[in-house]
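Close look at the chain arrangement
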Amino acid sequence: MNNLKIAGFLTIAVIIAIAGFMIFGQEKEVDFSTQIKPILNKNCISCHGGVKKNGGFSVLFEEEAFADTKSGHPAIIPGDPNGSELIKRLTATDPEVRMPYERSPLSEEEIDLLKTWIKQGAKWGEHWAYAPVQAPETIAQKTTAGFTSDNNSASTNTIDFYVGKKLEEQELAFSKEEQPLKLLRRAALDITGLPPTNELVEQFSSKKITYEQAVDQMLASSTFGEKWATWWLDLARYADTKGYERDVSRTMWPYRDYVIRAFNNDKPFDEFTIEQLAGDLLPNPTEEQLAATAFHRNTMNNDEGGTNDEEFRVAAVLDRVGTTYEVWQSTTMACVQCHSHPYDPIRHEEFYQSAAFFNNSRDEDTHDEEPRLRFYSPEEKTEIESVLTWVKENESAKAAVERKNFMTFLEPKYPSHNAVDFNNAELIDTKWLGIQANGSAYLRKVDTRGSDQMLMYYGSGLDGSKMTIRNGGPEGVVLAEFPINKTKGDIIRAIPLKTTTGLVDLYMEVKNTSVKSDQNAAKFVWFAFVPTLAGKDKPGFKDVQNSWETALNFRGTKLPILIENPSYMARKTHVFERGNWMTLGEKVNPETPKMLNNWNSEWPNNRLGFAYWLTDKENPLTSRTLVNRVWDQLFGRGIVSSLEDMGTQSDPPSHPELLDYLAWKTMNDYDWSMKSLIREIVTSATYKQSSAISAELYQKDPQNKWYARGPRFRLSAEQVRDQALAVAGLLSDKMYGPGVKPHQPEGIWQTVYNGDSWDESKGEDAHRRGIYTFLKRTSPYPSFISFDAASREVCLSRRIVTNTPLQALVTLNDPVYLEAAYYLAADMIKQDAAKPEKGIAYGYQKLVLNPITELKLKTLSNLYDEALAEYKSKPESLEAFFTIKDKSTNPEQAAMSVVANALLNMDEFLTKP
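Since the model is a prediction, treat every value here as computed from it, not as a measurement.

**Observations regarding the packing of helix α27 (residues 815-831) against helix α31 (residues 891-904)**
Close contact between α27 and α31 brings their axes to 7 Å; oriented N to C, the two are set at 115°. With respect to α31, the element α27 is oriented roughly perpendicular. Between α27 and α31 lies a crossing whose hand is right-handed. Here Y817, L818, A820, A821, Y822, L824, A825, A826, M828 and I829 of α27 come into contact with α31, specifically with E892, Q893, M896, S897, V899, A900, N901, L903 and L904. Here the residues of the contact of α27 with α31 are counted per class, giving 15 nonpolar, three polar and one charged.

Structure follows, in structure tokens:
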């Protein structure tokens, strides 16, 4: 072999050796997010994090981790593990020096991992959830084995590709497809919350439509919005009462109706978000957009006597911050109210920077919950339009907009609880200003906007009083002087006012020489400054003035909403030291957390801009959160199982690529369409699998984390009741309107300081869907609570599903279920009165869309025979159990009702197939 060939072989050998070293010999880079951060969070951060920084060392933020400690030197020196104090402390033998202090030492593997990380440069890295959602890589092969019962390869959608890949890794395989009618029932319960209609079952059974077409029909059904709105109302903490001690009723149902309509119309989720957080700040907001802002008026309101309105206004603002981040960002922002986040890179002041977006709304925890959107009738809207046309013609377009806003939600105005410096005056029950017959008070820093008129909402029980309003004090210029006499309840009255400019202190004085007691001469609720209508000398003015006054005294439906303060009423926001609202720190401006997407300078620096920031495609969490919550609704667990948290302490996603694929597709391909997202999931082979489980599969994947079988879990509280009424033929399809009060046991509503009572609904209102049931926070509908529904004092991301004897007692004995059993039994008897077995088989098939087995038929037939014998031998027992209004009961009807009651309590009926 010549020298040239030898040199060539040596060269090739060297290249191969170098390549081998590069491939096999190179140390694998340690990932901070998945390998290092969990070690630090578990072992170090409780003493060296957002709350405590022992020794001046913190591992929460990158700059703090590498900064000098109290020793004057950094604890982590990138590239030098042996010189890093962190490693020295972890490996020390002296228990007073070794870390973690007074706890078990780290394992050798954990210490080696930290050493390697530091040796490689201690790259900090980013938590997976804070990285922007990227477009998925093109998937060349979307086939895998085992999707069909014959185990042939089948083409599958992208969801199945990602799930199949994980199943392979876990040495698992897809289960066969569920039986067609069971699958249809599963999809119907998931999409509409109800069993499939008889018509849909017939079309699907006869193969007139495919499964996909059946899904499309259900997505287009109005029952879709009712089902999915129930999920959203848990997040929105929707209720029909205010909460706290008195827990009095409030009008919130128009917001619930907005949510139902939004889902039925498939309103894009980004629009849905923007309208709820800032619908009032959109250009020329519609009635619907204003109603949407009630999302954040679902916060509780405390009108107990002696409470401080400002304290509970602040509590509502803080709740709005925490709720917004939990609902849209899966972030536990409430932790940061008192200190920097103990686990995630969110600083204490960033909580209040976010709070600054919400701190400038008009609501002030007042008794009447203003501002409230007024829902005028079509006739009333015509009258209002005549007023606005008049103002536009006789004043200006701007004046017409201001007048329209005032008639729509009565803002801006000054609540009387702002009054101070009382002399023979008080805040009645800490809510309203009461001035005695010879008393006074101040309303300071008021901007009358140059108005020649003050509107005053007040009531009085005395005649002969005179009220004077002066500028600045007792010796100031008289701005208004007028008599006050008895009123029939509280009224809105227009008072001529001398015009002023800028901020003024209004001194309000009441005198009545004929009264010597300490009785209040009047109770004042609010004051507003709205100019008189122009054009008094023109024809038609009187009619316009009457229309204006009628609108002011509107007594119809009013919904609490969010309205932004005008600039002259703007509030300042401060950091609360240790979260205490009475200990103010530095002033802050509206800003978003640095760890998330950047702020666009074109966005307005208010709630609307904040909503744009949330729904921006660069926001890493909104789309992931939506997809994760929808997935949880359909599969019983999220891709990230900790629904409320995607921070560094959350569970890692079981299928990260799948999560990001669906998040990206929802934003881009589906334009935030929830129906499109749901359709893709429920038409996947993953969803359509049989839910049957073997002992081996249960051992390998007890929680169905890897989705080797279909989802199977108990129905929600509302679905349990709705389904029973539906199969009995009782369920009303009436939609919208005030909450209803179906039957509940006596003595449940025993409210304090509250005249409310549970007046049972009549007719079809007694059989409406659960979403319309009146929800009292301190005493929710009992059967719903038994099945784990929320009382909704706070946002709830996930209902905990329990299995208790009380649930069986509800479905066996609650009059709602007994009535359903009676009507279901009547339908079963109709099949063939002479052959109860035929009726029993029919009833079973109707409930679960599956033929009854011989064993079950025999068992239920024996139950029927035993009950029939009991009722025939003891006729008096007929009235004791099944007493249905206006319905007679014979032994056959009662016995079949017992069987129907048993059918309604079957696990397979109460559980999604």
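Additional details are given in the paragraphs that follow.
**Description of the confidence of the model for the chain**
On average, residues of the chain score 92 in pLDDT, and 95% of them are at 70 or above. Across residues 21-25, confidence stays below pLDDT 50; counting only partners more than four residues off in sequence or on other chains, it has two contacts. Predicted confidence for residues 140-155 stays below pLDDT 50, and this span has 26 contacts to residues more than four positions away or in other chains.

**Quick notes on the packing of aromatic side chains**
Taken as a whole and judged by the stated rule, the model has 46 aromatic pairs. Summarising the aromatic geometry, the rings of W117 and W124 are spaced 6.3 Å apart at their centres and angled 50° between planes, so their arrangement reads as tilted. There is no split in this pair, since W117 and W124 are both buried. Ring centres 4.3 Å apart and planes at 20° place the aromatic pair W631 and F635 in the stacked group. On the criterion of helical spacing, the pair formed by W631 and F635 is a turn pair, its members being four residues apart in helix α20 (residues 622-635). The same class applies to W631 as to F635, namely buried. One aromatic cluster in this structure is built from F224, W228, W231, W232, Y255, Y258, F263, F269, F272, F295, W328 and W672.

**Thoughts on helix α18 (residues 541-552)**
Across its twelve residues, α18 extends 17 Å between first and last C-alpha, which sits within 8% of the 16 Å expected from 1.5 Å per residue. Where α18 is buried, its residues meet β3 (372-374), α16 (378-394), α17 (397-409), β7 (453-459) and β10 (491-496).

**Some remarks on the packing of helix α12 (residues 269-278) against helix α19 (residues 607-615)**
As a packed pair, α12 and α19 sit with axes 9 Å apart at the nearest point and diverge in direction by 155°. Considered as vectors, α12 and α19 are oriented roughly antiparallel to each other. For the pair α12 and α19, the crossing hand works out as right-handed. Touching D270, T273, I274, L277 and A278 of α12 are R607, L608, A611, Y612, L614 and T615, all from α19.

Quick notes on the rules
- As a convention, each chain's residues are numbered from 1 in the sequence order in which they are written.
- Local features are withheld for residues below a pLDDT of 70 in this predicted model, meaning they are given only at 70 or higher, and side-chain atom pairs are given and counted only at 80 or more; totals for whole chains, interfaces and linings count all residues.
- As a rule here, side-chain values come from all non-hydrogen atoms in the structure, and water together with hydrogens is ignored.
- Between the N-to-C directions of two axes lies an angle of 0 to 180 degrees, each axis being a line fitted to C-alpha atoms and, for a helix, fitted only over the stretch in contact.
- Helix and strand assignments follow DSSP, with helices taken as H or I runs no shorter than four residues and strands as E runs no shorter than two, numbered in order from the N terminus.
- These descriptions rest on fixed angle ranges, namely under 35 degrees for roughly parallel, over 145 for roughly antiparallel, 65 to 115 for roughly perpendicular, and the rest for oblique.
- The crossing is said to be left-handed when, going from far helix to near helix, the turn is anticlockwise and less than a right angle, and right-handed when the turn is clockwise.
- Residues count as neighbours in contact if any of their non-hydrogen atoms are within 4.5 Å of one another.
- By the convention adopted, Pro, Cys, Tyr, Trp, Phe, Met, Ile, Leu, Val and Ala count as nonpolar, Lys, Arg, Asp and Glu as charged, and the other residues, Gly among them, as polar.
- Values of pLDDT, the confidence the predictor places in each residue, fall between 0 and 100.
- In this scheme Phe, Tyr and Trp rings, the latter by its six-membered ring, pair at centre separations within 6.5 Å, and the angle between planes marks the pair as stacked below 30 degrees, edge-to-face above 60, and tilted otherwise.
- We call a residue buried when its accessible area falls under 20% of the maximum for its residue type, exposed when it is over 50%, and partly exposed in between, using a 1.4 Å probe and counting protein chains only.
- Expected span, for any helix, means 1.5 Å times one less than how many residues it has.

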